[in-house]
Amino acid sequence: MKAEVWGGAGEHGRSCYYVEHQDMAVLLDCGGKKEAAGVYPLLDKTKVNKITAVFLSHAHEDHGVALPLLYELGYAGDVWTTKATYEQLPYYFKAWKSFVEQRGGTVPYAEETTKEITFRFLEDEAPMGEAISITKDIQVTWGASGHMLGSIWLQLHIAGKNVFYSGDYSPESTLLTVDPPSFPTTPDLAIIDAAYGIDTTSQQDLLNVLQDKVAEVLARKGHVLMPVPVFGRSQELWMMFVKRFPQANIAVEKEIAEGLLYWKRWGNWVREDVLMDNRLMKERMTIVSKDEERRELLMKTPHIIFVPGGMMESKISQWYDKQLRNDERNAVLLTGHAAADTYAATLLKHHHGCEVASFRYKIHQGYFDVRHMLNHLQPHITILAHANKAKTDHLADLLHENGYNGLLSLQPGDCINVS
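The text that follows walks through the structure, step by step, so that each part is easy to find.

Conventions we followed
- Residues numbered from 1 in each chain as written.
- Predicted model: local features only at pLDDT ≥ 70, side-chain atom pairs only at ≥ 80, totals over all residues.
- Heavy atoms only, no water.
- Buried < 20%, exposed > 50% of the residue type's maximum accessible area, 1.4 Å probe, protein only.
- Helix = DSSP H or I, 4+ residues; strand = E, 2+ residues; numbered from the N terminus.
- Arc of directions from axis to C-beta.
- Contact = heavy atoms within 4.5 Å.
- Polar contact = N/O pair within 3.5 Å; in protein donor to acceptor, adjacent residues only side chain to side chain.
- Axes fitted to C-alpha atoms, helices over the stretch in contact; angles between N-to-C directions.
- Parallel < 35°, antiparallel > 145°, perpendicular 65-115°, else oblique.
- Left-handed = near helix turned anticlockwise from the far one by under 90°.
- Nonpolar A, V, L, I, M, F, W, Y, C, P; charged D, E, K, R; others polar.
- Phe/Tyr/Trp six-rings, centres within 6.5 Å; stacked < 30°, edge-to-face > 60°.

A separate point is helix 10 (residues 291-298). Among all positions in helix 10, only Arg294, Leu297 and Leu298 are buried. Each buried residue of helix 10 sits inside an arc of 95° when the element is viewed along its axis, so together they form one side. As for helix 10, its buried residues are in contact with strand 13 (249-253), strand 14 (286-288), strand 15 (303-308) and helix 11 (315-324).

For the rest of this paragraph, the subject is the side chain of His386. Relative to the elements of secondary structure, His386 occurs in the loop between strand 18 (381-385) and helix 14 (389-401). Looking at His386, the relative accessible area reads 3%, which means it is buried. A distance of 3.2 Å separates a polar atom in the side chain of His386 from a polar atom in the side chain of Asp168. For His386, the residues in contact, after removing those within four places along its chain, are Gly8, Ala9, Glu11, His12, Gly13, Ser15, Asp62, His63, Asp168, Asp193, Ala195 and His364.

Next up on the list: the packing of helix 13 (residues 367-377) against helix 14. In contact at an axis separation of 12 Å, helix 13 and helix 14 are set at 55° when each is read in the N-to-C sense. Taken together, helix 13 and helix 14 sit at an angle that is classed as oblique. In the packing of helix 13 onto helix 14, the handedness of the crossing is right-handed. Taking contact as the criterion, the partners of Tyr367, Val370, Arg371 and Leu374 in helix 13 are, on helix 14, Leu395, Leu398 and Leu399. For the contact of helix 13 with helix 14, the per-class residue count stands at six nonpolar, no polar and one charged.

One pair of aromatic rings is described through two measures. These are the centre distance and the angle between the planes. Tallied over the entire structure, the rule returns 14 aromatic pairs. Relative to Phe164, the ring of Trp153 lies with its centre 6.2 Å away and its plane at 40°, an arrangement referred to as tilted. Of this pair, Trp153 sits in strand 9 (residues 152-158) while Phe164 sits in strand 10 (residues 161-165), and the two are 11 residues apart along the sequence. Grouping residues by exposure puts Trp153 and Phe164 together as buried.

Have a look at this one:
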């Protein structure tokens, strides 16, 4: 068996892994990277026609927006994913196109191609934890990964070889259900989310720091701007703030509000102990969608304001920044990765006026999470993914020192043989 990194290992973004065995091949994700005017996976046109099936772990741009390019290069098969992921994809295709065009670029595929992708839904074939036959020689088992609504991990059996792909995995989600992977046989190859490297901080510790900062800003009579993805972290943070700050005013942009209510349709992905009813959701938030509503909001008592665009690439988030920046009581609090050259990254380097701070909300794996997954799966070979090369090297070295073997810190373009 051979595995090639077309993106995602040794970097943050454009996750894409090509795995070939005998006369079959599968592709695990096909995303872009928010740098320059958009960076795409190293898709090898000579191998695209060999691909039997494509698997999409979730809807984020860094995992799925290059699928149309794959089709334009000749792929004619199916993309296997979940229904929740499929329903979110149009938003991320639109957001990616906007990101590229704002930097003077164009997407390298026709817009119509996004509608020509043929999707197959894993839950239509079998529930979580049960094997699905893609062909007579390829079987897949899937489960919830806790990263976002509809996100999954995958276990593949390819003609006698076993592959585990974690996708983006978050064992400490405060909102989402997580299905710990269980592999009946030892994986020959595992591709594991290790985005946080050697970091050992727990989710609760991270949340405590973030909540303390929100409390501090509200106490000084400032607005708190929370730029977040439309789906995922926005819902988790909103529900957390509802509980932590019962008297606080919370404003939500319409896109995110629709995302909040959208989650009610997919309750099987959400932990029962935290799912709130629509009445409470509506009572605790002011929904805004027009500039006059936003201006009126900013004239009132301090609000926690959720706006779309975790990297502040949306026009709405940038509008709020311009309104808030001249008052030192206000704060822009970032809770995710800020890719190079994005508005968020620039703001962190050259902020002015109001406070700008970055906090990590745990949606990937750190050191102890990776160790737990390795102990559980005991793979022969492991590709550590989703972090830059230096961070991955450091993690691999530390794991080796603690008795773990078969760990690889790779880069896009690297190819390995799996015996």
